[in-house]
Number of protein chains: 2
Amino acid sequence: MAVSLQVLRAQQPGALTTSCPGRVVLDHVTSKWGVLVLGALADGTLRWGELRREVDGISEKMLASTLRTFEADGLVERRAYPEVPPRVEYLLTPLGEDLAEAIAPLLTWVLAHAEEIVGRRAAQR
Amino acid sequence: MAVSLQVLRAQQPGALTTSCPGRVVLDHVTSKWGVLVLGALADGTLRWGELRREVDGISEKMLASTLRTFEADGLVERRAYPEVPPRVEYLLTPLGEDLAEAIAPLLTWVLAHAEEIVGRRAAQR
DNA sequence: CAGTATCCTGATTGATACTG
DNA sequence: CAGTATCAATCAGGATACTG
């Protein structure tokens, strides 16, 4: 049987309703840049500038905001080195690594089917 | 080895960059209500009203918008019955069911760790 | 290099009304 | 029942400039 909201709620009533903590976490992960930042860090530590380049198109503001959110969630760790010029590294915590594994199927699925989907949309008109 | 943007790009250069079709699809799926609508339909066919109740908090406008997007993507099918009162059912296509399986790990992970994450955030101040 | 500050647009929401 | 239309309000996100 498929994993659906109904199935999840059979075990955990009220799961992913407005008042459920899961909604907060899901909102962070599915925020505009959430999965891309997690996907970039899934390979290991990256510096601010590297991260900005990996997550193509992200603004500095949104990168900072996304990272602060994940830091507060305990998913990402920030390491600043008191050097000149400054160096700051970001990496997934064990919890973050666990989450990264959970979103991996989504990333691979999307890449495998993107052409098919976008192609159909184009053909519709 | 973890599935990361870097690993995906080793096989598919430019994967999930701004110009990649995958970004379009990923944006649809991780849109504000995307995974919740997919999660609700993962269990089977639902009517408009049922869907609205399952996806707690969604407005009619956003439900309509999300469904139209997924219809155009070929992920959701709409079946209207010419009856009085009208009846309309929504269900996942085979492609949509496949996607639902890919997001299942995310949903279960989020529910399993939400308390832990939200609790830590609260404790930080 | 690694950010913050500021301003501004556009997406999302809410409320309400209306229709086949 | 299953929507669409419209308007106002809010807020996430974008663009640009600046700093330790």
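Calculation notes
- Residues numbered from 1 in each chain as written.
- Chains lettered and ligands numbered in written order.
- Predicted model: local features only at pLDDT ≥ 70, side-chain atom pairs only at ≥ 80, totals over all residues.
- Heavy atoms only, no water.
- Least-squares fit on C-alpha atoms with pLDDT ≥ 70 in both.
- Contact = heavy atoms within 4.5 Å.
- Buried < 20%, exposed > 50% of the residue type's maximum accessible area, 1.4 Å probe, protein only.
- Helix = DSSP H or I, 4+ residues; strand = E, 2+ residues; numbered from the N terminus.
- Pairing = 2+ DSSP bridges.

For chain A, the name recorded in an unreviewed UniProt entry is HxlR family transcriptional regulator, with Actinomycetospora succinea as its organism.

Student: Help me get a handle on the relation of the copies chain B and chain A, residues and values and all.
Tutor: For the pair chain B and chain A, the superposition axis carries a translation of 0.0 Å, the fit reaches an RMSD of 0.1 Å, and the rotation angle comes to 180°. Interpreted geometrically, this transformation is the action of a two-fold axis. Closest to the rotation axis within chain B is the C-alpha of Thr 30 of chain B, separated from it by 2.4 Å. When the interface residues of chain B are mapped onto chain A, 100% of them again lie at the interface, so the same face is used by both copies.

Student: Before we move on, could you go through the pairing of strand β3 (residues 87-92) of chain A and cite the residues and values that matter?
Tutor: Residue and element names in this part refer to chain A. Within β3, five of the six residues are buried, which leaves it mostly tucked inside the rest of the structure. One ladder, built from two bridges, connects strand β1 (residues 46-47) with β3; its direction is antiparallel. Counted as the bridge partner of Leu 46 is Tyr 90 from β3. Relative to β3, strand β2 (residues 76-81) runs antiparallel, the two being bridged by six bridges. Counted as the bridge partner of Arg 79 is Glu 89 from β3. Where β2 folds back onto β3 in an antiparallel hairpin, the turn is made up of five residues.

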